Amino acid sequence: LSVPMELEVFLVGGGGAGGWNGPTGGGGGGGVLRTTLRLLPGTYDVVVSAGGVAAATAVASRDGGSSSFGGAVALGGGGGGNSGESGRPGGSGGGASGHLRYTYASGVGTEGQGYSGGNSKSTIDATHLDSKINWNTYYGGAGGGGAGEKGHDVKLVDQGEYQSILPGDGGD
C-alpha cells in the first residue's frame, strides 16, 4: 500500500467441523465487519482460514481457523461435540453431543461474532432407562451456532412406550 486508505472490511473465520458418532453441528465461523479501517502505507498480511477437519475417530473435532486483516480477527467456529462431549467454543459455538443418558453443554459463541451452539439434555427416567430407549435414535446432536441465532437444542420425544432423540438444527 503506497498511500493511506480507508476501507470497509468484512471477515469470516472458517466453520467448525461436525462431531463424530452422534452427529453434531460445527459452529459457523465468526463474522467481523469493520466499517472504517484506516491503513497507513505499508505491507499487510491477509489470513483466510479453512474450516475444521472432521474427526474420523473419538478425537475432538477441529475448530475452524481464524481469519485476519489489518488488526481485525474473525474467530473460527467451534467444533461440534463428539459422542459424549460438549461443543467447543469459537466465533460461533459447536453443538453439544446428544445422548439419551447424559446432558452436554453447547460451545459458547463470541459476542459480536456469532452465537452459541445448541445444548442437549437428558430427561429420561433412569430407573426405566433400558426399557424406554428407542435404540435406533439413541444418539443425535445439537446444531452449531450461526451468525444470526444460536444452534437449536436436541429434543427428546416421548413416543408412548419409548423416547427418541431428535437432532437440533444449526443456527442461521
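Structural data are supplied above this passage.
### Points about the overall build of the chain
Helix and strand counts for the chain come out as one helix and nine strands. In the chain, the order of α-helices and β-strands from amino to carboxyl end is β-β-β-β-β-β-α-β-β-β. Here the chain, with 172 residues, has 42% of them falling under the buried criterion. Summarising the internal contacts of the chain: among those between residues at least 6 apart in sequence, 58% fall at separations of at least 24. Of the accessible surface of the chain, which amounts to about 8,600 Å², a share of 53% is contributed by carbon and sulfur atoms.

### Some words on the pattern of salt bridges
As enumerated under the stated definition, the model contains two salt bridges in all. In this structure, Arg38 engages Glu6 in a salt bridge whose closest nitrogen and oxygen atoms are separated by 3.1 Å. Note that Arg38 is positioned in strand β2 (residues 31-39) and Glu6 in strand β1 (residues 5-12), a separation of 32 residues in sequence. The exposure class of Glu6 is exposed, given its relative accessible area of 53%. One salt bridge connects Asp63 with Arg88, and the closest N-O pair in it is separated by 2.9 Å.

### So, the packing of aromatic side chains
A full pass over the atoms with the stated rule returns one aromatic pair. On the numbers, 6.2 Å between centres and 55 degrees between planes, the contact of Tyr44 with Phe69 is tilted. Remark: Phe69 occurs in strand β4 (residues 67-69) and Tyr44 occurs in the loop between β2 and β3 (46-47); sequence separation between them is 25 residues. We classify Phe69 as buried; its relative accessible area is 14%.

### What to know about a nonpolar patch on the surface
A cluster of nonpolar side chains, Leu1, Val3, Met5, Leu40 and Tyr44, forms an exposed patch at the surface whose accessible area comes to about 450 Å². Mapped onto the secondary structure, Val3 falls in the segment before β1. Judged by its relative accessible area of 46%, Val3 is partly exposed.

Cut-offs used in this document
Residues numbered from 1 in each chain as written. Predicted model: local features only at pLDDT ≥ 70, side-chain atom pairs only at ≥ 80, totals over all residues. Heavy atoms only, no water. Helix = DSSP H or I, 4+ residues; strand = E, 2+ residues; numbered from the N terminus. Buried < 20%, exposed > 50% of the residue type's maximum accessible area, 1.4 Å probe, protein only. Contact = heavy atoms within 4.5 Å. Areas by Shrake-Rupley, 256 points an atom, 1.4 Å probe, with all protein chains shown as cover. Salt bridge = Lys/Arg side-chain N within 4 Å of Asp/Glu carboxyl O. Phe/Tyr/Trp six-rings, centres within 6.5 Å; stacked < 30°, edge-to-face > 60°. Patch = residues over 30% accessible without salt bridge, like charges linked within 9 Å, V, L, I, M, F, W, Y side chains within 5 Å.

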